[in-house]
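Descriptive analysis of the structure
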Amino acid sequence: MPGTELFGEEEKKEVMDVLNTGVLFRFNHDAQRQGHWKAKDFEAEVAKFCNAKYGLAVSSGSTAVNTMLAACGVGYGDEVVVPPFTYIATIEAVLLAGALPVFAEIDDTLCMSAEGIRAVISPKTKAILLVHMCGAAADLDGILAICKEKNIMLIEDSAQALGASYKGKMLGTYGRMGSFSYDFFKINTCGEGGIVITDDQQLWDTAQQFADHGHDHIGNNRGMEQHPIMGTNFRIGEINAAIGLAQTRKLSFILEKQRAHKAIIQARLSKIPGLQFRRHTDEAGDSATFFHLLLPSEQVARATVKLFAEAGIPHGYWYDNMFHYIKQWDHVKNLSMPYKLVAHELGLPQDLKTMKFPKSDAVMSQLISFNIRVTWTEAELDAMLERGGGEEGDGGGGGCV
Ligand SMILES: *Cc1c(COP(=O)(O)O)cnc(C)c1O
């Protein structure tokens, strides 16, 4: 969690700007706010970092995904291709939109493969909601080719991939829209927050209206603004945005450090015969928030997990994680919700209760992940690799959420 490791005076200064004026709201109150527009600055700086034309800050990475789906017109009965390995927010967003998730197999890139997507495309497929899992790119060339051929839109839930790129272009800018999360566990955090980026002014405009009850944000009298559409409140507050702004200015430093640390780990572990790593579609673009091992079998992986646990080495075994892999998603399979969804009415396109994901299972059951820390010194990292363990009590690496 590199962002949280670096909280300092910069975050405090930005927050105090907001508290000193008392304007916690991102719009209006021009005189009282004394020139402080944290949400506007936050979205502008993130858009610039990503080389995108427009940014919209919202209340979370989850609401960012819902905002993208809404702006792209994804709703009632639309099929949306999603991965079985993601944070559950991706799937919930599709269902809440009234759309229907269709799961495609992942491969050793830890993301949906072009082959996996191709196998589940139907005439009803409206969008591919691509997740660049664990901070690195999916096979964008292969997936974009499908989008073009089948006239399907690409939307990027790049919640975990802020700062990562593919062939020199930032993730989140390949689709019609892309989103990032700033929750407590991401590379940059603002407590709770999200950003949507796009190059399409029309999409941005719809997104910013949808995320604020349809307000068109023209003029200086909020109550008298026009409301071209309905929406809801997915706004970010100025205090969260202030922290996000300070964190954005640390992103280059974080990426540089993380990548250096990853290279050290990689060099050392590459000497171990038989050990495999996550396959990268563009390794240079990896944000290096994680280090991933692929063990030869589930049995070996589980035995290794046990050894790590006994040795007190923080690690993540996503295959058993309740919120990141479909194996544990009975609530999705049963469509357990407090109210009736479109999916209840129309039924899911796939029979998730009996469906198997052999390719995804094979990768997931063999995958062990470690968090890379930004604040490690090289000496610390060296000593840790020598011991084969993390610093006692410091959370070492790993400890995936
Ligand atoms: C974290 C995450 C989200 C949700 O972000 P929040 O800010 O926690 O709402 C969505 N999708 C993916 C892939 C994530 O990792």
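Basis of the calculations
- Residues numbered from 1 in each chain as written.
- Predicted model: local features only at pLDDT ≥ 70, side-chain atom pairs only at ≥ 80, totals over all residues.
- Heavy atoms only, no water.
- Near = heavy atom within 4 Å.
- Polar contact = N/O pair within 3.5 Å; in protein donor to acceptor, adjacent residues only side chain to side chain.
- Helix = DSSP H or I, 4+ residues; strand = E, 2+ residues; numbered from the N terminus.
- Nonpolar A, V, L, I, M, F, W, Y, C, P; charged D, E, K, R; others polar.
- Salt bridge = Lys/Arg side-chain N within 4 Å of Asp/Glu carboxyl O.
- Buried < 20%, exposed > 50% of the residue type's maximum accessible area, 1.4 Å probe, protein only.
- Axes fitted to C-alpha atoms, helices over the stretch in contact; angles between N-to-C directions.
- Parallel < 35°, antiparallel > 145°, perpendicular 65-115°, else oblique.
- Left-handed = near helix turned anticlockwise from the far one by under 90°.
- Contact = heavy atoms within 4.5 Å.
- pLDDT = per-residue confidence, 0-100.
- Phe/Tyr/Trp six-rings, centres within 6.5 Å; stacked < 30°, edge-to-face > 60°.
- Lys NZ or Arg CZ within 6 Å of the ring centre and 35° of its normal.

To continue, consider the site of the ligand. Looking at the ligand, there are 15 residues lining it, with Gly61, Ser62, Ser181, Asp183 and Lys186 nearest. The separation between an oxygen atom of the ligand and a polar side-chain atom of Ser181 is 2.7 Å. In this structure, Asp183 approaches the ligand through a side-chain N or O atom, which is 2.6 Å from an oxygen atom. Elements that contribute at least two residues to the shell around the ligand include exactly helix H4 (61-71) and helix H5 (89-96). Here the residues of the shell around the ligand are counted per class, giving four nonpolar, eight polar and three charged.

With the rule as written, the count across this model stands at 30 salt bridges. A salt bridge links Glu10 to Lys250; its shortest N-O distance comes to 3.0 Å. Taken as a pair, Glu10 in helix H2 (residues 9-21) and Lys250 in the loop between helix H9 (238-248) and helix H10 (251-269) lie far apart in primary sequence, 240 residues in all. When its relative accessible area of 12% is taken as the criterion, Lys250 is described as buried. Where Lys38 meets Asp17, a salt bridge forms, and the shortest distance between an N and an O atom there is 2.8 Å. Of this pair, Lys38 sits in helix H3 (residues 38-50) while Asp17 sits in helix H2, and the two are 21 residues apart along the sequence.

The next subject is the packing of H4 against H5. Closest axis-to-axis distance for the H4/H5 pair is 9 Å, and the angle between their directions is 40°. Judged by the angle between their axes, H4 and H5 are oblique. For H4 against H5, the interelement crossing comes out right-handed. Side by side, H4 and H5 meet where Ser62, Val65, Asn66 and Leu69 of the first sit next to Ala89, Ala93, Val94 and Leu96 of the second. Residues that form the contact of H4 with H5 fall into these classes: six nonpolar, two polar and no charged.

A separate point is the packing of H2 against H9. Two elements in contact, H2 and H9, have axes separated by 8 Å at closest approach and are oriented at 150°. Taken together, H2 and H9 sit at an angle that is classed as roughly antiparallel. In this structure, H2 meets H9 at a crossing whose hand is right-handed. Contacts between H2 and H9 involve Glu10, Glu11, Glu14, Val15, Val18 and Leu19 on the former and, on the latter, Glu238, Ile239, Ala242, Ile243, Leu245, Ala246 and Gln247.

The next point concerns the environment of Thr377. Within the secondary structure, Thr377 sits in the loop between strand S12 (367-371) and helix H15 (378-387). C-alpha separation for the pair Thr377 and Phe85, spaced 292 residues apart in sequence, amounts to 32 Å.

For the protein chain, per-residue confidence averages 95 on the pLDDT scale, and 96% of positions sit at 70 or higher. Taken together, the stretch residues 389-401 has pLDDT below 50 and engages in 35 contacts with residues farther than four places along the chain or on a different chain.

Once that is clear, we can look at the packing of aromatic side chains. The full count for this structure, using the stated rule, is 14 aromatic pairs. Aromatic pair Tyr54 and Trp204: ring centres 5.8 Å apart, planes at 25°, arrangement stacked. On the criterion of sequence distance, the pair formed by Tyr54 in strand S1 (residues 54-58) and Trp204 in helix H8 (residues 201-210) is long-range, its members being 150 residues apart. Residue class for Trp204 comes out partly exposed when judged on its relative accessible area of 21%. Sitting over the face of the ring of Trp37, Arg33 holds its NZ or CZ atom 4.0 Å from the ring centroid. Over the aromatic face of Tyr87 sits the side chain of Lys186, whose NZ or CZ is 5.8 Å from the ring centroid.

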